[in-house]
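# Results of the structural survey
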Amino acid sequence: MTRYFLTYRGVRLPLQLAEELSAEDVRNRNTYFAARYDAAGRLSEIDKCVYGEVEMTHRYTWDEASGQLAQAVIQVGEEEPQVLALLQRAGA
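Note that the structure is a prediction, hence the values are computed from the model and not measured. (Residues numbered from 1 in each chain as written. Predicted model: local features only at pLDDT ≥ 70, side-chain atom pairs only at ≥ 80, totals over all residues. Heavy atoms only, no water.)

### Digging into the packing of aromatic side chains
Tallying each qualifying case throughout the model produces two aromatic pairs. Look at Tyr8 and Phe33: their rings are 5.6 Å apart centre to centre, the planes differ by 85°, and that puts the pair in the edge-to-face class. Placement of Tyr8 in strand β1 (residues 2-9) and of Phe33 in strand β3 (residues 31-37) is noted, with a sequence separation of 25 residues between them. Judged by its relative accessible area of 34%, Tyr8 falls in the partly exposed class. Judged by relative accessible area, which is 3%, Phe33 ranks as buried. (Phe/Tyr/Trp six-rings, centres within 6.5 Å; stacked < 30°, edge-to-face > 60°. Helix = DSSP H or I, 4+ residues; strand = E, 2+ residues; numbered from the N terminus. Buried < 20%, exposed > 50% of the residue type's maximum accessible area, 1.4 Å probe, protein only.)

Below is the structure:
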């Protein structure tokens with residue numbers, strides 16, 4: 001399922017998307033965030049769309065056992081993706 005948002009708040013991951021837009025609203029916007037969720041309802045993908053082009057992506061992987069965010073892959077434009085391991089495993 002894809003949902004659309006105008007902006008986000010804060011700096012922590014996953015991004016906290018704000019000001020939900022309808023699919024109709026998106027047609028009249030130059031910039032918006034398209035968010036997709038996994039079967040458990042967790043945020044899994046975000047695309048920041050600007051003038052019809054994807055400018056930034058976030059891809060999230062969740063730890064099934066704890067339900068915590070385990071990894072984020074962030075890519076801005078044509079830059080190399082940044083991979084962030086967020087979950088500290090016991091004994092690691």
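### Section: the sheet that holds strand β6 (residues 69-76)
A sheet is described by the order of its strands in space; here seven strands give the open sequence β2-β1-β3-β4-β5-β6-β7, paired in antiparallel fashion. For this open sheet the edge positions go to β2 (16-21) and β7 (82-85), each flanked by a neighbour on one side alone. Ignoring strand direction, the axes of neighbouring strands in this sheet form an average angle of 30°. In terms of strand pairing, β3 meets strand β4 (residues 43-50) through seven bridges, oriented antiparallel. Its bridge partner being in β4, Tyr32 is matched across the sheet by Cys49. (Pairing = 2+ DSSP bridges. Axes fitted to C-alpha atoms, helices over the stretch in contact; angles between N-to-C directions.)

### Concerning the nonpolar core
Formed by 13 residues in total, the largest nonpolar core has its most connected members in Leu17, Leu43, Ile46 and Tyr60. Of all the secondary-structure elements, those providing two or more residues to this core are β3, β4, β5 (53-62) and β6. Those residues in contact with Tyr60, other than ones at most four positions away along the chain, are Leu13, Pro14, Leu15, Leu43, Ser44, Ile46, Leu69, Gln71 and Ala72. Core analysis: the second largest hydrophobic core is formed by five residues, Leu21, Val26, Ala34 and Cys49 among them. (Core = buried A, V, L, I, M, F, W, Y, C linked by side-chain atoms within 4.5 Å. Contact = heavy atoms within 4.5 Å.)

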